[in-house]
Amino acid sequence: MTAPDQQTLQEATDAVQSGLEGKDGISQVTSNLSASLPYIAVTVDRDAAAARGLSEVAVGGLVSGTMQPRQVGSVEIDGTSLTVYLAASQVPVTIDDLRALTIPSVGGVVRLDEIATVEQSQGPTSITTERGQRTATVTVTPSGDDLTSANATVNKALADVSLPTGADASLGGVVTQQSDAFTQLGLAMLAAILIVYIVMVATFKSLRQPLLLLVSVPFAATGAILLQIATGVPLGVASLIGVLMLIGIVVTNAIVLVDLVNQYREKGLNAHDATVAGGSRRLRPILMTAAATIFALTPMALGITGHGGFISQPLAIVVIGGLVSSTVLTLLVLPTLYNLVEGAKERRRARRAGDEPASGSPETAGEPDAPTTRRALRGS
């Protein structure tokens with residue numbers, strides 16, 4: 001919260017606090033301006049002071065020198081340096097005494113209350129500024145663990161609050177840190193997907209098959225989100241770390257399946273028969289590895305891991321949900337996509353092979369060079 005002066009800042013802070021109090025998902029709203037201390041304010045009347053040959057700075061210096069001792073120098077006694085202060089003989093102890101304080105001027109001695117207003121006021125315990133603007137911090141405490149919901153509530157409340165002219169409000173704190181973490185983890189996930197794709201391209205020596213394998217990644221994200229919704233666990237940094245882990249975990253099942261299918265195709269099976277045989281052979285080990293990981297993460301998902309549950313539970317829930325959905329959909333969807341893509345190549349080759357006898361039909365029997373010419377055109 002920023003404002004050009006203290007009064008505007010106080011009005012803006014009060015307006016924001018009033019707009020946030022009682023909202024859903026918010027338990028407490030406080031500001032650093034709520035804690036104040038009493039002080040004595042001396043407001044100099046510039047015209048009255050100038051008429052007596054005094055300036056505002058001069059009056060402030062005289063009052064300050066009377067209220068507290070002034071350092072006038074230092075003296076060395078027995079090898080020890082001591083600071084010397086000059087204190088007034090009679091220090092005002094009440095507001096009335098301060099009002100009656102006499103100040104020398106060009107026209108003679110005058111009372112302080114003749115050239116200034118002396119009164120007791122309330123002020124903040126600390127004053128903070130940023131680029132010449134007064135600043136204040138309004139702290140909002142969520143009622144639960146759902147920081148995203150509380151953030152949405154705060155944004156809506158700020159949009160509805162009418163701030164004084166010159167005041168401005170912006171979000172910070174944990175919300176800004178979470179947004180930065182989400183951005184960094186999003187970039188990390190994109191980099192992880194790219195690295196996994198490059199490694200699989202080098203392994204399978206194909207640009208198309210690694211794309212089929214990466215289909216398991218959105219399957220995993222779907223299951224992770226659905227399980228989070230079902231359990232009521234909010235999306236957080238720990239959840240995104242779990243998604244980042246899933247990118248490497250769920251692709252392994254797809255790699256194992258497709259690698260065996262490719263081996264069967266190298267032995268002479270077509271795409272359809274290879275996917276059926278590979279799926280039946282890899283079904284049991286894929287289910288076993290997925291089940292082992294899921295059951296190993298179940299204690300973390302149930303929140304019985306101690307004080308670290310606020311991190312481990314969302315991570316475990318994301319990984320379990322992603323593993324369940326990716327395993328089921330990988331065993332069903334991936335073989336289908338593989339058969340469609342790789343089977344289409346085989347069907348095209350079969351159609352081309354079927355066209356070869358037609359090139360040597362009776363209509364072209366008298367033209368021995370025609371089949372060679374057609375094959376050259378197809379090759380081009």
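Everything below is about the structure shown above.
Now for a quick tour of the structure. (Residues numbered from 1 in each chain as written. Predicted model: local features only at pLDDT ≥ 70, side-chain atom pairs only at ≥ 80, totals over all residues. Heavy atoms only, no water.)

Summing up its helical and strand segments, the protein has 13 helices and eleven strands in all. Looking at the protein as a whole, 34% of its 380 residues qualify as buried. Here the analysis covers contacts within the protein between residues at least 6 apart in sequence; of these, 69% occur between residues at least 24 apart. For the protein, the accessible area works out to roughly 22500 Å², and carbon and sulfur atoms hold 58% of it. (Helix = DSSP H or I, 4+ residues; strand = E, 2+ residues; numbered from the N terminus. Buried < 20%, exposed > 50% of the residue type's maximum accessible area, 1.4 Å probe, protein only. Contact = heavy atoms within 4.5 Å. Areas by Shrake-Rupley, 256 points an atom, 1.4 Å probe, with all protein chains shown as cover.)

A few words on the side chain of T275. With respect to the element layout, T275 can be found in helix α11 (residues 271-301). Within the structure, the side chain of T275 is placed 2.7 Å from the backbone oxygen of H272, a separation counted as a polar contact. Not counting residues within four places of it along the chain, the set of residues in contact with T275 comprises V261, P335, Y338 and N339. (Polar contact = N/O pair within 3.5 Å; in protein donor to acceptor, adjacent residues only side chain to side chain.)

Time to look at the pattern of salt bridges. Per the stated rule, a full pass over the model turns up seven salt bridges. For E56, the salt bridge goes to R46, with nearest N and O atoms at 2.9 Å. Here E56 is found in helix α3 (residues 56-67), whereas its partner R46 is found in helix α2 (residues 46-51), with ten residues between them in sequence. A relative accessible area of 59% means that R46 is categorised as exposed. For the salt bridge of K156 with D160, the shortest nitrogen-to-oxygen distance reads 3.3 Å. Placement of both K156 and D160 in helix α6 (residues 147-160) is noted, with a separation of four residues, approximately one turn of the helix. Both residues of the pair, K156 and D160, count as exposed. Taken together, the shared-partner salt bridges in this structure form one network comprising R208, R265 and E342. (Salt bridge = Lys/Arg side-chain N within 4 Å of Asp/Glu carboxyl O.)

The next point concerns a positive patch on the surface. Side chains of R347, R348, R349, R351 and R352 sit close together on the surface and give a patch of like positive charge. With respect to the helices and strands, R347 occurs in helix α12 (residues 309-359). (Patch = residues over 30% accessible without salt bridge, like charges linked within 9 Å, V, L, I, M, F, W, Y side chains within 5 Å. Lys, Arg positive; Asp, Glu negative; His and termini not counted. Charge placed at Lys NZ, Arg CZ, Asp CG, Glu CD.)

Moving on to helix α7 (residues 174-204). When the terminal C-alpha atoms of α7 are compared, their 44 Å separation across 31 residues agrees well with the 45 Å that a helix rising 1.5 Å per residue should span. Among all positions of α7, only Q178, A181, L185, M189, A192, V196, Y197, M200, V201 and F204 are buried. The elements touched by buried residues of α7 are α6, α8 (209-213) and α10 (237-266). Of the residues flanking the end of α7, it is K205, one or two places downstream, whose phi is positive at about 55 degrees. (Expected span 1.5 Å × (residues − 1).)

Now for a nonpolar patch on the surface. The grouping of V72, V75, I77, L82, V84 and L86 at the surface amounts to a nonpolar patch, some 460 Å² of accessible area in total. Of all the secondary-structure elements, those providing two or more residues to the nonpolar patch are β4 (70-77) and β5 (80-86). Looking at the element boundaries, L86 is found in strand β5.

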